[in-house]
Amino acid sequence: MDRKSKDSRGIKVIDLITVVFEKEIPLIKIQAKSIELYIDTHNIKNIYVVVNDEDSVVNLIDPNWWGINSHKVQVIPRSKYGVDPTLIGWDSQQMYKLFAAEESDCPWSMCLDAKTWFVQSLQWDKLFDSQNRVKFRSIPVIPVFKSAQEFLENYYRIRMANVIGPGGVPFMFHTQTVRSMFKELDVPFLEFFSKHVRLPTNITEFMLYSAYVIYKYSDYNSLYSTSQPYIVQNIADFQVNEFDKILENMNYPVTLTASIHGRVYPWLTDDQYERWCSFLVDKKLTVDLENTKSQLNIFRH
């Protein structure tokens, strides 16, 4: 199995994937800038932006936001893959990440959320090891996903105490493995995922993929190493009280990406909001403080 991802000049390349809702368009514009600033364009083959909304929203996304990478951007309507109108947004978002990863044009794709922004340069020797494995640790399955763990263990007849890290995005999918997973399901992927992402099973895209990796390769070690030089910093809605600490951590040299959940913004004090916006300006993701506030104010109310 060849896990090397190189273009004609011998430079490693990956695809990038983001699934976006219409309300997240202000966020994807900042992400596009972060990609241009902090990932060498020679390391990117394609940028897939899947619109998890009405097809007309595709026309609201301008590839020029990605600057030097604009010609690599493919804005894809969700109707290309199929739609289950009964799925809630977060569930369908997970599904479309896997759909995009399955059709990636590279051996590896990096999956992001719209709110996930790079805050330092991505270095290839910190992403891949000498064996071309991704430098991700595995993390324990948290109790809320116990039902998913039990279902996947029974479905694949495996044991999976851990899932592939880093516990969210950025997440690295191995393309051929995702394709094999799709082919080996007992029903079409849309049907399978739409059914089992719901309660009581409650699988996630990363748990399903992790379970299949164990099923196919016996463990994670053939694709993923146990070292992880980078960390990711996200402030979830239940972490508002930890804002000051996590914002400080976002400046650590090992922090690759930073993000804030949309539901956090209304709970921030004016001072916290200003410090967050100042952080984005300092990282050159936005032009100036007032411009940044104006761009993100939609999430304050």
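Residues numbered from 1 in each chain as written. Predicted model: local features only at pLDDT ≥ 70, side-chain atom pairs only at ≥ 80, totals over all residues. Heavy atoms only, no water.

### Let's talk about helix 6 (residues 189-196)
1) Next: What helix 6 keeps buried is the set Phe189, Phe192, Phe193, Ser194 and His196.
2) Next: Tucked into the core, helix 6 has its buried residues touching helix 2 (89-102), helix 4 (146-156), helix 5 (175-184) and helix 7 (205-217). (Buried < 20%, exposed > 50% of the residue type's maximum accessible area, 1.4 Å probe, protein only. Helix = DSSP H or I, 4+ residues; strand = E, 2+ residues; numbered from the N terminus. Contact = heavy atoms within 4.5 Å.)

### Topic: the sheet that holds strand 11 (residues 231-235)
1) Next: Read across the open sheet, the three strands follow the order 5-12-11; overall the sheet is mixed. The two strands at the open ends of the sheet, each matched to only one other strand, are strand 5 (117-118) and strand 11.
2) Next: Of the strand pairs in this sheet, strand 5 and strand 12 (residues 255-260) are connected by two bridges, and their pairing is antiparallel. Paired with Trp117 across the strands is Ala258, a residue of strand 12. (Pairing = 2+ DSSP bridges.)

### A few points about the state of the cysteines
1) Next: On inspection of all chains with the given rule, the structure shows zero disulfides.
2) Next: Counting only cysteine sulfurs, Cys106 is the nearest neighbor of Cys111, a cysteine outside any disulfide, at a range of 15 Å.
3) Next: Assessed through its relative accessible area of 0%, Cys111 is described here as buried. (Disulfide = S-S within 2.5 Å.)

All we've got here are geometric facts, nothing functional implied.
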